[in-house]
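Chain by chain, the residues:
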Amino acid sequence: AQKVTQAQTEISVVEKEDVTLDCVYETRDTTYYLFWYKQPPSGELVFLIRRNSFDEQNEISGRYSWNFQKSTSSFNFTITASQVVDSAVYFCALSEVIYGQNFVFGPGTRLSVLP
Amino acid sequence: DTEVTQTPKHLVMGMTNKKSLKCEQHMGHRAMYWYKQKAKKPPELMFVYSYEKLSINESVPSRFSPECPNSSLLNLHLHALQPEDSALYLCASSQAGTSGRAGTDTQYFGPGTRLTVL
C-alpha cells in the first residue's frame, strides 16, 4: 500500500532561517508521482510541485527547493530565508500509476515562522 | 487560470436539514474530487468523478450524495448529517490522468466549505 511519512509534526523557526521539511514514502510501483502542497490558515491547499519517479533532478523555485532521492525514498522540501508568510501546514503526497488509486497525503508538518 | 471555486464558504446546519455544497472549475479538467478534512489531519478522499462518472466512492455514508451535472460542476448533497461530520470539505480538479485514471495528475483545490453540524 502507498504510504507517506512526515516525521516532523511541528517546526518553529525564526524569520530568515532555512528550514527543511522531510517526506519519506513507500510504494511498490515503479512509476509514481510526488507532490508538495501548502495549506495556510485560510484552508486552501496550494500546489507547490509535482515530480515523477523518473526525474531525480533537484528543483529550485525562488526560495523553495526540493531534493528527491529514490535510494532513500525521500522527497524533502527546503525553504531558504524563511518568511512569516511561509507559516502553514505542508503536505507531501504520493500517487501511484499502477497499484494506487489516488493521492495519499502525509500527515503534514506545521511550520511556524516567527518574526 | 488555476481557480476552483466553492460555495458557501461556511455552513451551519442541523441534523435534519438538507443542504448542498457546490464546486466549479473552468480549467477544462475532466476529473473532480471531494475531500473531507478534520482539524489537524490531512484531507481524506470521499469521491472521484472522471468524465462526469463516479469512479471512486471511498465507503462514504449515504447521507453524503455527490452529483456531477457537467464537466465544470460538482455538488455534494447533505442530508441527516451527524455532528462528527463537521469538517472542512475541499473540492479539487485535475486532468483525467496520464494513465486514463484520475488521481495521477496535479490536483487544484478550492478554498473549501467549513461545515458545522449542530
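As a reminder, the structure under discussion sits directly above these lines.
Note that the coordinates shown come from a computational prediction; the quantities given were computed from them, not determined experimentally. (Residues numbered from 1 in each chain as written. Chains lettered and ligands numbered in written order. Predicted model: local features only at pLDDT ≥ 70, side-chain atom pairs only at ≥ 80, totals over all residues. Heavy atoms only, no water.)

**Observations regarding the overall build of chain A**
Stage number 1. Scanning chain A from terminus to terminus reveals zero helices and twelve strands.
Stage number 2. Here the C-alpha radius of gyration of chain A, 14 Å, is about what a compact globule of 115 residues would show, namely 13 Å.
Stage number 3. Its C-alpha atoms put chain A at 45 × 25 × 20 Å along the principal axes.
Stage number 4. Taking all 115 residues of chain A together, 47% fall into the buried category.
Stage number 5. Carbon and sulfur atoms provide 49% of the accessible area of chain A, an area that totals close to 5500 Å². (Helix = DSSP H or I, 4+ residues; strand = E, 2+ residues; numbered from the N terminus. Rg over C-alpha atoms; globule rule 2.2 N^0.38 Å. Buried < 20%, exposed > 50% of the residue type's maximum accessible area, 1.4 Å probe, protein only. Areas by Shrake-Rupley, 256 points an atom, 1.4 Å probe, with all protein chains shown as cover.)

**What about the interface of chain B and chain A?**
Stage number 1. Facing 25 residues of chain B, the contacting portion of chain A comprises 23 residues.
Stage number 2. For the pair chain B and chain A, the interface holds one salt bridge.
Stage number 3. Here Asp-105 of chain B ties to Arg-50 of chain A by a salt bridge, and the two come within 3.9 Å at their closest N and O atoms.
Stage number 4. Remark: the boundary between chain B and chain A carries two residue pairs in polar contact (both at pLDDT 80 or more).
Stage number 5. At the level of elements, β4 (31-37), β5 (44-50), β9 (87-94) and β10 (108-109) of chain B are the ones that each hand at least two residues to the side of chain B that touches chain A. (Contact = heavy atoms within 4.5 Å. Salt bridge = Lys/Arg side-chain N within 4 Å of Asp/Glu carboxyl O. Polar contact = N/O pair within 3.5 Å; in protein donor to acceptor, adjacent residues only side chain to side chain.)

**Concerning the nonpolar core**
The nonpolar side chains of a soluble globular protein tend to be buried with one another.
Residues and elements named next belong to chain A.
Stage number 1. Formed by 24 residues in total, the largest nonpolar core has its most connected members in Trp-36, Trp-66, Phe-77, Tyr-90 and Leu-111.
Stage number 2. Going through the elements one at a time, β2 (10-14), β3 (19-21), β5 (32-39), β6 (46-52), β8 (64-69), β9 (74-79), β10 (88-96) and β12 (109-114) are the ones with two or more residues in this core.
Stage number 3. The dominant element in this core, judged by the number of residues it contributes, is β10, at four residues.
Stage number 4. In this structure, Trp-66 is in contact with Trp-36, Leu-48, Ile-49, Asn-58, Glu-59, Ser-61, Phe-75, Asn-76 and Phe-77, ignoring residues within four places of it in sequence. (Core = buried A, V, L, I, M, F, W, Y, C linked by side-chain atoms within 4.5 Å.)

**Side note on the sheet that holds strand β1 (residues 4-7) of chain B**
Residues and elements named next belong to chain B.
Stage number 1. Across the sheet, four strands lie side by side as β1-β3-β8-β7; this open sheet has antiparallel pairing. On the outer flanks of this sheet lie β1 and β7 (64-70), each paired with one strand and no other. Within the sheet, the average angular offset between the axes of one strand and its neighbour, ignoring direction, is 20°. (Pairing = 2+ DSSP bridges. Axes fitted to C-alpha atoms, helices over the stretch in contact; angles between N-to-C directions.)

**A closer look at the pattern of salt bridges**
Residues and elements named next belong to chain A.
Stage number 1. Summed over all chains, the structure comprises seven salt bridges over all chains.
Stage number 2. The partner of Asp-55 in a salt bridge is Arg-51, and the shortest N-O contact between them spans 3.0 Å.
Stage number 3. Accessibility expressed as a relative area gives 6% for Arg-51, which makes it buried.
Stage number 4. In this structure, Arg-63 engages Asp-86 in a salt bridge whose closest nitrogen and oxygen atoms are separated by 2.8 Å. Placement of Arg-63 in the loop between β7 (59-61) and β8 and of Asp-86 in the loop between β9 and β10 is noted, with a sequence separation of 23 residues between them.
Stage number 5. Arg-63 gets classed as partly exposed once you look at its relative accessible area, which sits at 24%.

**Observations concerning the pairing of β9 of chain A**
All names here are of chain A.
Stage number 1. Burial within β9 is extensive, with five of its six residues counted as buried.
Stage number 2. Direction of pairing for β3 relative to β9: antiparallel, over a ladder of three bridges. Residue pairing across strands places Leu-21 opposite Phe-77, the latter belonging to β9.
Stage number 3. Note that β8 and β9 share six bridges and pair antiparallel.

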